[in-house]
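Coordinate inspection notes
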Amino acid sequence: MSLATPGVDAEGRATRLPLSAKKGSDDEFGAEHMLVNIGPQHPATHGVLRLVLELEGETVIRCIPHIGYLHSGFEKLGEYRHYNQIVPLTDRTDYLSPMANNVCLALAAEKLMGVEITERCQVLRVIACEMSRIISHLVWLGTTGIDLGAFTPFLWSFYQRERIYNLQESWTGARLTTSLTRVGGMMADVPEGFEAGLRDFCRTFPHTLDEVDAMFTRNSIWCGRTQGVGVLSGEDAINYSLSGPMLRASGVSYDVRKDRPYLGYDTYDFDVPIGEHGDIYDRYRVRLEEMYQSNRILDQALDRLATLKGAPLNTADHRVILPPKGRAMSDMEAMIHHFKQVMEGVAAPVGEAYMGVENPKGELGYYFVSDGTAKPVRWRIRPPSFINLACLPKLCEGALLSDVIAINASIDIVMGEIDR
C-alpha cells in the first residue's frame, strides 16, 4: 500500500499538475517548465481574473484564464424583475460605461414591445453612449500606460474622465450606478448648464488626446513594447467572434453604428478607424482615434439638441410611460394608471428580441424572450469582454512573460461582463 500523500508520489514529487509540465523530462527540481499565477489580486489583471501560465524560461507555453469570481448572476436576476427594474443591473455589468449599457437595455425592451422613441430621446441616448465610450477608453488608456510603466498619461486621462463624470453625475445623480434610461424614454432630461459644460469639454478634450499622441505614438519604448506583440489576424479575430476595437485593430471594418445603425447613427458624420497589423499598438491607435471621433459625434449631437428645445423627451405611448406627476396627483384615472404600472410593470407581447449596440469594448447585445408578462422569461447578454477574452491564450502563447501584462491590458476587459 502506498503511503504517499494524495497528489504526491512516494518520492514527494507532484503527480498532478494543472498544466502539464513536460512528462518524462523531470529533473531533480521536479519539472522543466514553471507554473506561474498572475492575479486575481494583481492590479494588471484589471479585476478578479487569474491567469495560470506555463513558462519555459520567460516564454509562455500556455495560458489559461480563470474567471467567474463575482457571482452576480445578472441574467437570472433579470428574470425576476420588470423590464425597467432590470436597468440597475446593467449598470453593474460594465461599470466603466454604465449609461451605454442602460441604453442597450432600453432599446432591446422597446424592440420587443414595438415602442417608438422621440427624436430628443435618441439624441440624448447618443450623447450618453459617446460619453461612455470616452470614459471607458480613458480608463483603458490610463491603466494600460501604468501597466507599461508610463504614469503621466494616467493623470491626464483620469483628469478628463473626472470632467465627464461630473457631467454624468449632474444628469443622473450618480457616478457609476446611473440607471439613466426607461422603456420609452429617459429617467430625466439633462439639467441646466449640462450642454454648456459638455460643449466646453468637447472644445478642450482633443488637446489632451494630442498630448497623449505626442507622448506615446512615436515613443521608442512604447513602440517596442506594443508593436508586433499580441498579434491577431483579421481571420482569427472573426473566428473568435471578436468585436469593437479588438476586431477593428485586426483590419476588419465592422462597427454596429455603421453596419446596423440605431438611434440615427447613420445620420452622424464620423469615421471608423481600422488597424493594419492586429497588434497592441494598433489597438491603442484605434481607441485613441475613436475618442476623437466620439468627440465629433458629441459636437453634432449638441447642435441637434439645441434645435430640439421643448420637444418631448419620452414617448407618448401610455403603455410604457408613467403619467406626469401633476396629473397622477390630481386625476384619479392617472393615479390608478401610475399605480398599476409601478406595481405590475409593463407587459411585453409574447415573442423574442435581440438588440446589439456598439459599446466601448465591442458589440453588447441583450436578448429577451417574453411569455406575455411584465418580466422576461429569459434574458441573455452578449458581453463583449467575455467574448474578447477568449483570444487571450492564443495571443499569449509564444510571447514573453512581460508581454502578458501588455496583451491582457490591450483586450480591455471589465469583469462584470465576464461573470458567468
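Residues numbered from 1 in each chain as written. Predicted model: local features only at pLDDT ≥ 70, side-chain atom pairs only at ≥ 80, totals over all residues. Heavy atoms only, no water.

**Structural notes on the side chain of Ser 136**
As a reminder, the rule being used: Counting from the N terminus, the helices are DSSP H or I runs at least four residues long and the strands are E runs at least two residues long. Polar contacts, as used here, are pairs of N or O atoms within 3.5 Å; protein pairs need one atom able to donate a hydrogen and one able to accept it. Residues neighboring in sequence count only if both atoms are side-chain atoms. We call two residues in contact whenever any of their non-hydrogen atoms come within 4.5 Å of each other.
Inspection of the secondary structure puts Ser 136 in helix H4 (residues 119-147). One polar contact links Ser 136 to Lys 361, side chain to side chain, over a distance of 2.7 Å. Excluding anything up to four places from it in sequence, Ser 136 contacts Leu 96, Ser 97, Pro 360, Lys 361 and Asp 412.

**Things to note about the side chain of Arg 125**
Summarising the element assignment, Arg 125 is placed in helix H4. Among the polar contacts listed, one links the side chain of Arg 125 to the backbone oxygen of Gly 185, at a separation of 2.9 Å. Apart from the residues within four sequence positions on either side, Arg 125 is in contact with Val 103, Ala 106, Leu 107, Glu 110, Ile 117, Thr 181, Arg 182, Gly 184, Gly 185, Met 186 and Leu 263.

**Examining the sheet that holds strand S6 (residues 351-359)**
As a reminder of what qualifies: At least two bridges found by DSSP between two strands is the condition for calling them paired. Between N-to-C directions, angles cover 0 to 180 degrees, with each direction set by a line fitted to C-alpha atoms, over the stretch in contact for helices.
Sheet architecture is open: three strands sit in the order S6-S7-S8, paired in antiparallel fashion. The open sheet has two edge strands with one neighbour each: S6 and strand S8 (378-382). Each adjacent strand pair in this sheet contributes to an overall mean axis angle of 10°, direction not counted. Of the strand pairs in this sheet, strand S7 (residues 362-370) and S8 are connected by five bridges, and their pairing is antiparallel. Looking at the pairing, Gly 365 lines up with Arg 382 of S8. Together, S7 and S8 form the strand contacts of helix H2 (residues 83-93), whose direction differs from that of S7 by roughly 150°.

**Let's talk about helix H3 (residues 98-113)**
For clarity, the threshold we go by: Take the residue count of a helix, subtract one, and multiply by 1.5 Å to get its expected span. Buried residues are those whose accessible area, probed at 1.4 Å on protein chains only, stays under 20% of the maximum for their type, while exposed residues exceed 50% and partly exposed ones sit between those limits.
The end-to-end C-alpha distance of H3, which contains 16 residues, comes to 23 Å, matching closely the 22 Å that a straight helix rising 1.5 Å per residue would cover. Burial within H3 is extensive, with 15 of its 16 residues counted as buried. Once H3 ends, the next one or two residues include Gly 114, with phi positive near 70°.

**Quick notes on the sheet that holds strand S2 (residues 50-56)**
Read from one edge of the open sheet, three strands run S1-S2-S3, paired in antiparallel fashion. Edge positions in the sheet fall to strand S1 (34-38) and strand S3 (59-66), since each has one partner strand and no second. Averaged over neighbouring strand pairs, the angle between their axes works out to 20° when direction is ignored. As paired elements, S2 and S3 share seven bridges and run antiparallel to each other. For Leu 53, the partnering residue across the bridge sits in S3 and is Cys 63. Here helix H16 (residues 401-411) sits on the sheet in contact with S1, S2 and S3, set at roughly 150° to S2.

**Quick look at the packing of H2 against H3**
Quick reminder of the rule: Take the far helix as your reference; a near helix turned counterclockwise from it by less than a right angle gives a left-handed crossing, and one turned clockwise gives a right-handed crossing.
Two elements in contact, H2 and H3, have axes separated by 8 Å at closest approach and are oriented at 145°. Between H2 and H3 lies a crossing of right-handed hand. Each of Tyr 83, Ile 86, Val 87, Thr 90, Asp 91 and Thr 93 in H2 lies in contact with H3, whose residues at this interface are Pro 98, Asn 101, Asn 102, Leu 105, Ala 109, Leu 112 and Met 113.

**Digging into the nonpolar core**
The cut-off we apply is this: In this text, buried Ala, Val, Leu, Ile, Met, Phe, Trp, Tyr and Cys residues form a nonpolar core when linked through side-chain atoms within 4.5 Å.
Formed by 109 residues in total, the largest nonpolar core has its most connected members in Ile 127, Trp 171 and Leu 198. The element that contributes the greatest number of residues to this core is H4, accounting for 13 residues. With sequence-adjacent residues up to four places away left out, Ile 127 is seen in contact with Trp 171, Phe 194, Leu 198, Leu 298, Ala 301, Leu 302 and Leu 305.

**A word on the environment of Asp 255**
Looking at the element boundaries, Asp 255 is found in the loop between helix H9 (245-248) and helix H10 (256-259). Asp 255 sits in the buried class, given a relative accessible area of 1%. Linking Asp 255 and Leu 89, residues 166 residues apart in sequence, is a C-alpha distance of 25 Å. Setting aside its immediate chain neighbours within four residues, Asp 255 contacts Arg 248, Arg 260, Val 272 and Glu 358.

**A closer look at the packing of H3 against H4**
Put simply, the rule is: What sets the label is the angle itself: under 35 degrees gives roughly parallel, over 145 gives roughly antiparallel, 65 to 115 gives roughly perpendicular, and the rest give oblique. As a working rule, the residues Ala, Val, Leu, Ile, Met, Phe, Trp, Tyr, Cys and Pro are called nonpolar, Asp, Glu, Lys and Arg charged, and the rest polar, with Gly in that last group.
At a closest axis distance of 8 Å, the pairing of H3 and H4 adopts a crossing angle of 140°. When the axis of H3 is compared with that of H4, the two are oblique. As for how H3 packs across H4, the hand of that crossing is left-handed. Here Met 99, Ala 100, Val 103, Ala 106, Leu 107 and Glu 110 of H3 come into contact with H4, specifically with Arg 125, Ala 128, Cys 129, Met 131 and Ser 132. Broken down by class, the residue content of the contact of H3 with H4 amounts to eight nonpolar, one polar and two charged.

**Points about the confidence of the model for the protein**
The condition that has to hold: You can read pLDDT as the predictor saying how much it trusts each residue, on a scale of 0 to 100.
Mean pLDDT over the protein stands at 89; residues scoring 70 or higher make up 90%. Low pLDDT, under 50, characterises residues 1-6; the stretch is placed with three contacts to residues that sit more than four places away or in other chains.

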